[in-house]
Amino acid sequence: MNDASKSEEFYKKLKVQLADTALWPTAYLYKFIVPTDSDKVNQIEGIFDNLGAVITTKQSKNGKYTSVSVNVRMKNPDHVIIKYKEVAEKVEGVISL
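Please read all numbers here as calculations on a predicted model, not as lab measurements.

Here's the deal with the packing of aromatic side chains
In the structure shown here, the tally under the stated rule is eight aromatic pairs. The interplanar angle of 15° and the centroid separation of 5.9 Å between the aromatic rings of Tyr30 and Phe32 together place this pair among those described as stacked. For Phe32, a relative accessible area of 0% corresponds to the buried category. Plain terms: the ring middles of Tyr30 and Tyr84 are 4.8 Å apart, the flat faces sit at 65° to each other, and that makes the pair edge-to-face. One end of the pair, Tyr30, is in strand 1 (residues 26-35); the other, Tyr84, is in helix 3 (residues 77-90), and 54 residues separate them in sequence. Look at Tyr30 and you get buried, because its relative accessible area is 0%.

Here we look at the pattern of salt bridges
Any two side chains of opposite charge can pair if their charged atoms end up close together. Using the criterion set out here, one finds four salt bridges in the structure. The partner of Glu8 in a salt bridge is Lys85, and the shortest N-O contact between them spans 3.3 Å. Of the two residues, Glu8 sits in helix 1 (residues 3-21) while Lys85 sits in helix 3, which places them 77 residues apart along the sequence. For Glu8, a relative accessible area of 37% corresponds to the partly exposed category. Here the residues in one salt-bridge network are Lys83, Glu86 and Lys90, joined through shared partners.

Comments concerning helix 1
Since one α-helical turn is 3.6 residues long, residues separated by three or four positions face the same way. Compared with the 27 Å implied by 1.5 Å per residue over 19 residues, the 27 Å span of helix 1 between its first and last C-alpha is a close match. Inspection of helix 1 places Tyr11, Leu14 and Leu18 among the buried residues, and these make up the whole buried set. Taken end-on, helix 1 shows its buried residues confined to a sector of 65°, consistent with a single buried face. Opposite its buried face, helix 1 presents the exposed residues Lys12, Lys13 and Asp20, each directed more than 90 degrees away. Along its buried surface, helix 1 packs onto strand 1 and helix 3.

Quick word on unusual backbone geometry
In this model, Trp24 is joined to Pro25 through a cis peptide bond whose omega is 0°. Within the secondary structure, Pro25 sits in the loop between helix 1 and strand 1. Positioned with a positive phi, Asn50 is a non-glycine residue whose angle comes to about 65°. Inspection of the secondary structure assignment puts Asn50 in the loop between helix 2 (38-47) and strand 2 (54-59).

So, the nonpolar core
Considering soluble globular proteins, one finds that nonpolar side chains tend to be buried as a cluster. Ranked by internal contacts, the top residues of the largest apolar core, which has 21 residues, are Tyr30, Phe32, Ile44 and Phe48. At the level of secondary structure, the elements contributing two or more residues to this core comprise helix 1, strand 1, helix 2, strand 3 (65-74) and helix 3. Those residues in contact with Tyr30, other than ones at most four positions away along the chain, are Phe48, Val68, Ser69, Val70, Val72, Met74, His79, Val80, Lys83 and Tyr84.

Definitions and cut-offs
Residues numbered from 1 in each chain as written. Predicted model: local features only at pLDDT ≥ 70, side-chain atom pairs only at ≥ 80, totals over all residues. Heavy atoms only, no water. Phe/Tyr/Trp six-rings, centres within 6.5 Å; stacked < 30°, edge-to-face > 60°. Buried < 20%, exposed > 50% of the residue type's maximum accessible area, 1.4 Å probe, protein only. Helix = DSSP H or I, 4+ residues; strand = E, 2+ residues; numbered from the N terminus. Salt bridge = Lys/Arg side-chain N within 4 Å of Asp/Glu carboxyl O. Expected span 1.5 Å × (residues − 1). Arc of directions from axis to C-beta. Contact = heavy atoms within 4.5 Å. Core = buried A, V, L, I, M, F, W, Y, C linked by side-chain atoms within 4.5 Å.

See below:
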């Protein structure tokens, strides 16, 4: 199985889990880790711009990585997945948790 099909399988499972565990629309908490670089953090912030998101960041103990938490109201599981994909495509080196 290649990376693209693994990724699609992950998103299909996530969509089912989201649909089964929440009433939509609902607040959703995204968590990402990026190498510490203000451009990367700004890219993530830009992806969630104009959505009323509350974004918090915290550097790792050694300062090498920054965690970015994004709390935002999403319409449905499809919109959650769209944003995960957008971050993965646009922000190099990001890890989605």
